[in-house]
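Letter by letter, the chains look like this.
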Amino acid sequence: MINGSIVALITPMQGDGSVDFASLERLVEFHIEQGTDAIVAVGTTGESATLPIREHLEVVSQTLSFAAGRIPVIGGNGANATAEAIELTQGLSKLDVAAMLGVTPYYNKPTPKGLVAHYKAVAASTDVPQILYNVPGRTSVDMKPETVAQLCDVPNIIGVKEATGDLARVKRLRELCGDDFLLFSGDDATAREFLALGGNGVISVANNIVPKAFKAMCEAALQGRAAEAKAVDEPLSGLYSALFCEANPIPVKWAAHRMGLISEGTIRLPLTELSEEFHGLLLNAMQKAGIEVE
């Protein structure tokens, strides 16, 4: 079962915007060494919206090659066109991904009926386990627990990543979808409470740069050691906020570059590199979280 501390991995890029596979290999090794439980390759933090399908599949394939079976790799398969999501899904099905993570179609603003039809069509195109992903702050559509409940009985839909920060949804999703349906937090700031309420894991942005601490927090929370989880989590709280001072993944790529984890902090247009006015804010949060910077 996929659970625990999962990184929404950034996609490192060279100065010309091409994928930096040498840095990607270093990132994969870093997460294995630090104890991360699983990797999401080319999710939204991995800039899936600006990678064409061929490149998207290449990055996932290389991530799997670098991981070499030592850590589960989840491939992002979200798109705002169902046909494109199916094409991605079929491409990923030829690789050895442990599961796929599909964000709700963005910009289109589908109705609940449309969301159910979309995810059923994607799931029907593969036998690989599927994880739903609800992040209305980025997609302009909120997949309510009642909609998830219409999908949780699809055999290969195994869970949902819930990124609203609404902790009441944990209980509601459990009531509607049962104990075997996997619940992942997509909101670092409320992740500890999410796990304490019965969540199975966290698909995290901050995990890119504090994987050891984040793993310790997740383990403590999942095992009911609330005081220990809180003690680990509190020094990271400023980081959770600072990593969203500009649109994700702008800040986390800048931070990873300052740590020497990736060669460049390059990000693809229409996003641009972190504005200088936020450098001090993010450095201060990193230092409080115990991160050494170059």
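Residues numbered from 1 in each chain as written. Predicted model: local features only at pLDDT ≥ 70, side-chain atom pairs only at ≥ 80, totals over all residues. Heavy atoms only, no water.

Draft legend 1. Quick look at the side chain of Asn-208. Tracing the backbone shows Asn-208 in the loop between strand 8 (201-204) and helix 9 (211-222). Using a relative accessible area of 1% as the deciding quantity, one classes Asn-208 as buried. Within the local environment of Asn-208, its side chain forms a polar contact with the backbone nitrogen of Ile-10, the two atoms lying 3.2 Å apart. Sequence-distant contacts of Asn-208, that is, excluding residues within four places in its chain, are made with Val-7, Ala-8, Leu-9, Ile-10, Phe-30, His-31, Thr-45, Val-252 and Leu-261. (Helix = DSSP H or I, 4+ residues; strand = E, 2+ residues; numbered from the N terminus. Buried < 20%, exposed > 50% of the residue type's maximum accessible area, 1.4 Å probe, protein only. Polar contact = N/O pair within 3.5 Å; in protein donor to acceptor, adjacent residues only side chain to side chain. Contact = heavy atoms within 4.5 Å.)

Draft legend 2. Looking closely at the side chain of Arg-192. Assignment of secondary structure puts Arg-192 in helix 8 (residues 191-196). Residue Arg-192 is classed as buried on the basis of its relative accessible area of 18%.

Draft legend 3. Quick peek at the sheet that holds strand 4 (residues 99-103). A barrel is described by the order of its strands in space; here eight strands give the closed sequence 1-2-3-4-5-6-7-8, paired in parallel fashion. Across the sheet, the mean angle from the axis of one strand to that of its neighbour is 25°, orientation sign disregarded. Set on the sheet, helix 2 (residues 53-67) makes contact with strand 2 (38-41) and strand 3 (73-76); between it and strand 3 the angle comes to about 175°. (Pairing = 2+ DSSP bridges. Axes fitted to C-alpha atoms, helices over the stretch in contact; angles between N-to-C directions.)

Draft legend 4. Just the UniProt feature "site: Part of a proton relay during catalysis" (unreviewed entry) in the protein chain, in detail. On the UniProt side, "site: Part of a proton relay during catalysis" (unreviewed entry) is annotated at positions that read Thr-44 and Tyr-107 here. In sequence the annotated residues extend across 64 residues, while in space they remain close, none of their C-alpha pairs exceeding 14.1 Å. From the list above, the largest pocket is lined by Thr-44 and Tyr-107. Looking at where Thr-44 falls in the secondary structure, it is placed in the loop between strand 2 and helix 2. Assessed through its relative accessible area of 34%, Thr-44 is described here as partly exposed. Ignoring sequence-local partners within four residues, the contact set of Thr-44 consists of Val-103 and Tyr-133. Along the chain, Tyr-107 falls in the loop between strand 4 and helix 4 (112-124). With a relative accessible area of 73%, Tyr-107 lands in the exposed category. (UniProt positions renumbered as here; feature names shortened; annotations may be inferred. 1 Å grid on protein atoms, 1.4 Å probe; cavity = no way out; pocket = protein on both sides within 12 Å on 5 of 7 lines; lining within 4 Å.)

Draft legend 5. Layout of the pattern of salt bridges. Tallied over the full model, the rule gives 15 salt bridges. Measuring nitrogen to oxygen at the nearest pair gives 3.4 Å for the salt bridge that ties Lys-215 to Asp-37. Here Asp-37 lies in the loop between helix 1 (21-34) and strand 2 and Lys-215 lies in helix 9, a separation of 178 residues in the sequence. A relative accessible area of 27% means that Asp-37 is categorised as partly exposed. One salt-bridge network, held together by shared partners, links Asp-142, Glu-162, Asp-166 and Arg-169. (Salt bridge = Lys/Arg side-chain N within 4 Å of Asp/Glu carboxyl O.)

Draft legend 6. Quick look at the layout of surface pockets. If you add up the space inside the largest pocket, you get close to 730 Å³. The wall of the largest pocket is formed by 33 residues, among which Thr-44, Tyr-133, Val-135, Arg-138 and Asn-248 lie closest to the centre. It is helix 5 (residues 136-139) that provides the largest number of residues to the lining of the largest pocket, a total of three residues. Here the lining of the largest pocket is composed, by residue class, of 17 nonpolar, ten polar and six charged. (Points joined across faces, edges and corners; volume = space filled by probe spheres on them. Nonpolar A, V, L, I, M, F, W, Y, C, P; charged D, E, K, R; others polar.)

Draft legend 7. Spatial organisation of the UniProt feature "binding site: pyruvate" (unreviewed entry) in the protein chain. The UniProt record marks Thr-45 and Ile-203 with the feature "binding site: pyruvate" (unreviewed entry), using the residue numbering of this structure. Maximum C-alpha separation among the annotated residues is 10.3 Å over a sequence range of 159 residues, consistent with a single clustered spot. Annotated residues from the preceding list that form part of the lining of the largest pocket: these are Thr-45 and Ile-203. Relative to the elements of secondary structure, Thr-45 occurs in the loop between strand 2 and helix 2. If near-sequence neighbours (up to four positions away) are discounted, Thr-45 is found in contact with Ala-8, Leu-9, Ile-10, Val-205, Asn-208, Asn-248 and Pro-249. Its place among the elements puts Ile-203 in strand 8. With sequence-adjacent residues up to four places away left out, Ile-203 is seen in contact with Ile-6, Ala-8, Val-40, Leu-101, Lys-161, Phe-184, Ser-185 and Gly-186.

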